[in-house]
Amino acid sequence: MLEFIQLLKQRYQAVLAQQGNESVKTSYQQRIDQLILAEAFIRKGQLIDASQQPLLHMAVVGPTQAGKSSLVNVLLNSNAAGISPLAGYTIHPQGFCNGVSLADCSGLQRYFGRFQQLQQTQLSKDRHDCYSLTENATDSGLLPHGVLWDTPDFDSIDSATYREGVIRAIALADMVILVVSKEKYADQSVWDIMVAVEELHQPTLICLNKLVEGSESIIIQSLKEKWRQARTDEFPEVVSLYYQKPGGLPDWPESRQPLLKQLANNVRLNKHPRFEQELLKRHWQTWLEPVVAEHQALNDWVELVDLMINQAMESYQHDYLNHPHHYETFQLAMTELLNLMEIPGLARILAGTRQVLTWPVRQVMKLGRKRLHVSDSSYEIALLNQIAEHTLIQLADKLLDKAEQGDQSPWWRQLNSMLRNQRQDALQDFALAAKNYHLSFQQDVDSAAHRLYYKLQEQPVVLNSLRATRATADAAVIALTLQMGGIGLHDLVIAPAMLTLTSLLAESAVGGYMHKVEADLKQNQFNTVKQALFVDSLRLKLLQLPEQLSMPPHFNISPDQLHAAELQLTEKRHGLRLL
């Protein structure tokens, strides 16, 4: 799951960089923040699983100038955290080990990933992908043993540049100390953060800082109302910290000294897997909204291609297979049958005569075989290429219509552009596939002729009658050839021998079988053309176009990748089915 969340985050970031719509940019940035939080929380689970005795992590969070670093020093009983009256002074997560050593924190580098661990003095304002760890040299009576994190603000003008560090530190925390002042507690940025981390189920303490005597009750009541509007869990304990002179540290109330140690008892690391799944489940559909939209566009594209393929096959069937004048394939089978019915005694005499003719009749006898090899002169091949070209023109028109409507218009526009660029290559591949089909289908034509011939052999009287008629028809063709000076390939369908043979076969006892052979040949031809040309050639090339779309501004996460991730959402972990 971690890999998929990282992939999704990277794709959002790439798409965001190409996005021009401001409202979409704002929405996508929120989702990126959520994905960073989810990624960090999953890493937190891995950190827990890898540790025999996981450390306790506490994060001090709050808006700018709320006094976070000052409170960190109070809790540590030291001045380890740097403080400044200037807003945005702390811009890196800074961890302070209380009662634990740096060696105990060795697993944190794996958690922070690309963030580099540096010494506190090495942190630079010019670099945000780093954090520090420092051992606290003094004893703290307020904190349990663990790591206390001082975090950057999340609401200043520059906070967007170091926001990831804030999110990572918050996700690492087992408990949260929210610091707000009387000026800042109502800021929307505060409650946006508190809403975002609710699914982490972190025990929380609110420190209301910079108060003046007598004002806390009104502010706490208002604070409680804000919490109830934003969160569904119980309102946490509030510690009131009164205003000190500039440079002074707030006083932690004596009565609240055990509070943080008591709060640590509410941490439930064993429930982290369930919390992790709840976080993913809450945002899953929103995160995947543009990905699912792309998948829907992809499905629409497949349906559109299939519709165009079906229309192309309807045109092929109407304009060729069922056309009374243009369908030549069965006539080629009849020509092969003429060859099979050669009369041994007459064959030699006729053959000698044919050799001296301008257009030898032998060419007519072999026209079935010759015609298939001369694919460039075939009406069928010319028609198929025309249908393929018309199909691509129609597809381009449909893509333009899609590009003018819907949220996925950029996807359709780029697909249309890619189709235009690859149209000629697709047509050339189709033409080559058509020629190969035309050659390979000869065996089906020969098979149809042999089926008819074997059936005629079962009817000797009919076969001999047809042989006699064939010789007469052959002589008529010779006469016609002498008179007209030869016939061309296009005259095959009306050749006298062909007409005579077809008519006699239809009227004979094998007439019904002949029609069956013709119907079988047509059906086989339909299926072969559809599979070899329109499915394995044209359709395959068209369906590969979306895979070639450049990633920005598209997510390009495949349905298989999404399916594999969703399976992980429902897998058993620690013996429980979580969703």
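As the structure is a prediction and not an experimental result, all values here were calculated from the model. (Residues numbered from 1 in each chain as written. Predicted model: local features only at pLDDT ≥ 70, side-chain atom pairs only at ≥ 80, totals over all residues. Heavy atoms only, no water.)

Caption draft 1: Representation of the pairing of strand β1 (residues 57-61) within the structure. Burial analysis of β1 places 5 of its 5 residues in the buried class, which makes it a mostly covered element. Burial along β1 is two-sided: the face carrying H57, A59 and V61 and the face carrying M58 and V60 are both buried. Looking at chain direction, β1 and strand β5 (residues 146-150) are connected through 4 bridges and run parallel. Counterpart to M58 in the pairing with β5 is L148. Note: β1 against strand β6 (residues 175-181), 4 bridges, orientation parallel. Across the sheet, A59 pairs through a bridge with V176, a residue of β6. (Buried < 20%, exposed > 50% of the residue type's maximum accessible area, 1.4 Å probe, protein only. Helix = DSSP H or I, 4+ residues; strand = E, 2+ residues; numbered from the N terminus. Pairing = 2+ DSSP bridges.)

Caption draft 2: A look at the sheet that holds strand β4 (residues 130-135). Here we have 8 strands laid out as an open sheet, ordered β3-β4-β2-β5-β1-β6-β7-β8, and mixed in their pairing. Whereas interior strands pair on both sides, the edge strands pair on one side only; in this sheet they are β3 (116-118) and β8 (237-242). Going across the sheet, the axis of each strand differs from the next one's by a mean of 25°, ignoring polarity. Each of β7 (204-211) and β8 touches helix α7 (residues 216-230); the most contacted strand, β7, lies at about 140° to it. (Axes fitted to C-alpha atoms, helices over the stretch in contact; angles between N-to-C directions. Contact = heavy atoms within 4.5 Å.)

Caption draft 3: Main features of the nonpolar core. Formed by 72 residues in total, the largest nonpolar core has its most connected members in I5, L8, L108, W149 and W284. Per-element accounting of this core gives the leading share, 10 residues, to helix α2 (residues 22-50). Setting aside anything within four residues of it in sequence, one finds W284 in contact with M1, F4, I5, L562, A565, E566 and L569. Formed by 61 residues, the second largest nonpolar core is a distinct cluster that contains M313, L337, W411 and L533. (Core = buried A, V, L, I, M, F, W, Y, C linked by side-chain atoms within 4.5 Å.)

Caption draft 4: Quick peek at the side chain of Q525. Assignment of secondary structure puts Q525 in helix α20 (residues 511-543). Residue class for Q525 comes out buried when judged on its relative accessible area of 0%. Within the structure, the side chain of Q525 is placed 2.9 Å from the side chain of T329, a separation counted as a polar contact. Reaching out from Q525, the side chain makes a polar contact with the side chain of E380 at a distance of 3.1 Å. (Polar contact = N/O pair within 3.5 Å; in protein donor to acceptor, adjacent residues only side chain to side chain.)

Caption draft 5: Spatial organisation of the packing of helix α15 (residues 379-403) against α20. The interhelical angle for the contact between α15 and α20, taken along N-to-C directions, is 40°, at an axis separation of 13 Å. By the criterion of interaxial angle, the relationship of α15 to α20 is oblique. Between α15 and α20 lies a crossing of right-handed hand. Contacts from E380, L384, I387, T391, L392 and L395 in α15 reach Q525, V529, L533, F534, L538 and L542 in α20. Considering only residue class, the contact of α15 with α20 consists of 9 nonpolar, 2 polar and 1 charged. (Parallel < 35°, antiparallel > 145°, perpendicular 65-115°, else oblique. Left-handed = near helix turned anticlockwise from the far one by under 90°. Nonpolar A, V, L, I, M, F, W, Y, C, P; charged D, E, K, R; others polar.)

Caption draft 6: Spatial organisation of the environment of Y242. For Y242, the location among the structural elements is in strand β8. Put simply, Y242 and P253 are 11 residues apart on the chain and 9.7 Å apart in space, counted from C-alpha to C-alpha. With sequence-adjacent residues up to four places away left out, Y242 is seen in contact with K210, L211, V212, E213, E216 and P250. A polar side-chain atom of Y242 sits 2.9 Å from a polar atom in the side chain of E216.

Caption draft 7: View of α7. Taking 1.5 Å per residue, 15 residues should reach 21 Å; α7 reaches 21 Å between its end C-alpha atoms and fits that length. Contacts made by the buried residues of α7 are with α6 (188-196), β7 and β8. (Expected span 1.5 Å × (residues − 1).)

Caption draft 8: Summary view of the packing of helix α1 (residues 2-18) against α2. With their axes 9 Å apart at the nearest point, α1 and α2 run at an angle of 160° to one another. Considering the angle they form, α1 stands roughly antiparallel to α2. Between α1 and α2 lies a crossing of left-handed hand. In this structure, α1 contributes L2, I5, Q6, L8, K9, Y12, Q13, V15 and L16 to the contact, and α2 contributes K25, Y28, Q29, R31, I32, L35, I36, A38, E39, I42, R43 and Q46. Broken down by class, the residue content of the contact of α1 with α2 amounts to 12 nonpolar, 4 polar and 5 charged.

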